[in-house]
Amino acid sequence: SNSIKTIVADAVSAESFAVLAREKESVRLGHGTLANHQLSPEAIARAVDTIRRYRLLAESRGAEKIFAVATATIRAADNAAEFIETVEKETGVHIEILSGVEEARIIGLSAVYAIKSNSLLNIDIGGGSTELSVMQNGLPAKLFSMKLGAVGLSDKFIENDPPKIKEIKLLQEEIALALERPTRELKEYSWQKTSGTSGTI
């Protein structure tokens, strides 16, 4: 929702890989989109340019397969199909849209792999959504995806810099409301570590 990232990896096996290249470009697809549910032509053009460049990078490193996934902003956009069609036509890259729960599952598995802990709660604050992943024995035990993203919430509530007290209060109320169900349902779970992923953390 805020940035498009790429990783080129040489997968030696299912459990082992080497990162050959890594890049991140801030395209702010979610800016305005999360409020009006429309990706702007300018945002689509920025995304196309970035994905085209990433494909060339991957191919220059010998990539045999390219996987592209989209998250909260594309889930929220009414013109998501147009976006996916434009990207594929202009770059040859097909994009799959992840559901919020699937995003939470993949993030949780990644956190378990990176932190080397089989029991954790991972909090991922993205541009358009926040995912909570409770992992037990290395597998998902409870997953949540909430429409609480840094870009979306800023667009919706913050008009001043620095923010006014009223803006902060409304923002806090929105977050508290969205966290009611996860807070209630997580009371029966426990974990050894808490981790955070994505740029906002």
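Residues numbered from 1 in each chain as written. Predicted model: local features only at pLDDT ≥ 70, side-chain atom pairs only at ≥ 80, totals over all residues. Heavy atoms only, no water.

Moving on: the overall build of the chain. Along the chain, the regular secondary structure elements total seven helices and eight strands. Against the compact-globule benchmark of 17 Å for 201 residues, the chain has a radius of gyration of 18 Å, which places it among compact chains. Along the first, second and third principal axes, the C-alpha atoms of the chain reach 45 × 40 × 30 Å. Looking at the chain residue by residue over its 201 residues, the buried ones come to 37%. (Helix = DSSP H or I, 4+ residues; strand = E, 2+ residues; numbered from the N terminus. Rg over C-alpha atoms; globule rule 2.2 N^0.38 Å. Buried < 20%, exposed > 50% of the residue type's maximum accessible area, 1.4 Å probe, protein only.)

Here we come to the side chain of glutamate 185. Within the element layout of this structure, glutamate 185 appears in helix H7 (residues 165-185). In this structure the side chain of glutamate 185 is engaged in a polar contact, spanning 2.8 Å, whose partner is the side chain of arginine 181. Apart from residues lying up to four places away in sequence, glutamate 185 is in contact with Lys142 and Phe144. (Polar contact = N/O pair within 3.5 Å; in protein donor to acceptor, adjacent residues only side chain to side chain. Contact = heavy atoms within 4.5 Å.)

Counting across every chain of the model gives one aromatic pair. With a centroid separation of 5.8 Å and 25 degrees between ring planes, the pair formed by phenylalanine 17 and tyrosine 113 is classed as stacked. On the criterion of sequence distance, the pair formed by phenylalanine 17 in strand E2 (residues 16-26) and tyrosine 113 in helix H5 (residues 100-115) is long-range, its members being 96 residues apart. On the accessibility criterion, tyrosine 113 (40% relative accessible area) is partly exposed. It is lysine 116 that lies over the ring of tyrosine 113; its NZ or CZ is 4.5 Å from the centre. (Phe/Tyr/Trp six-rings, centres within 6.5 Å; stacked < 30°, edge-to-face > 60°. Lys NZ or Arg CZ within 6 Å of the ring centre and 35° of its normal.)

Residues lying three or four places apart along an α-helix face the same way, a consequence of the helix completing one turn every 3.6 residues. End to end, helix H4 (residues 80-91) covers 16 Å across twelve residues, agreeing with the expected 16 Å (1.5 Å per residue, within 8%). Looking at the packing, one finds that the buried side of H4 touches helix H2 (41-60), helix H3 (72-76) and strand E4 (95-97). Remark: glycine 92 follows H4 within two positions and exhibits a positive phi of approximately 80 degrees. (Expected span 1.5 Å × (residues − 1).)

If you trace the four strands from one edge of the open sheet to the other, you get E7-E6-E5-E8, paired in mixed fashion. Sheet topology places strand E7 (139-146) and strand E8 (193-197) at the edges, where each strand pairs with a single neighbour. Taken over all neighbouring pairs, the strand axes of this sheet differ in orientation by 15 degrees on average, direction set aside. The pairing of strand E5 (residues 120-125) with E8 spans five bridges and is classified as parallel. (Pairing = 2+ DSSP bridges. Axes fitted to C-alpha atoms, helices over the stretch in contact; angles between N-to-C directions.)

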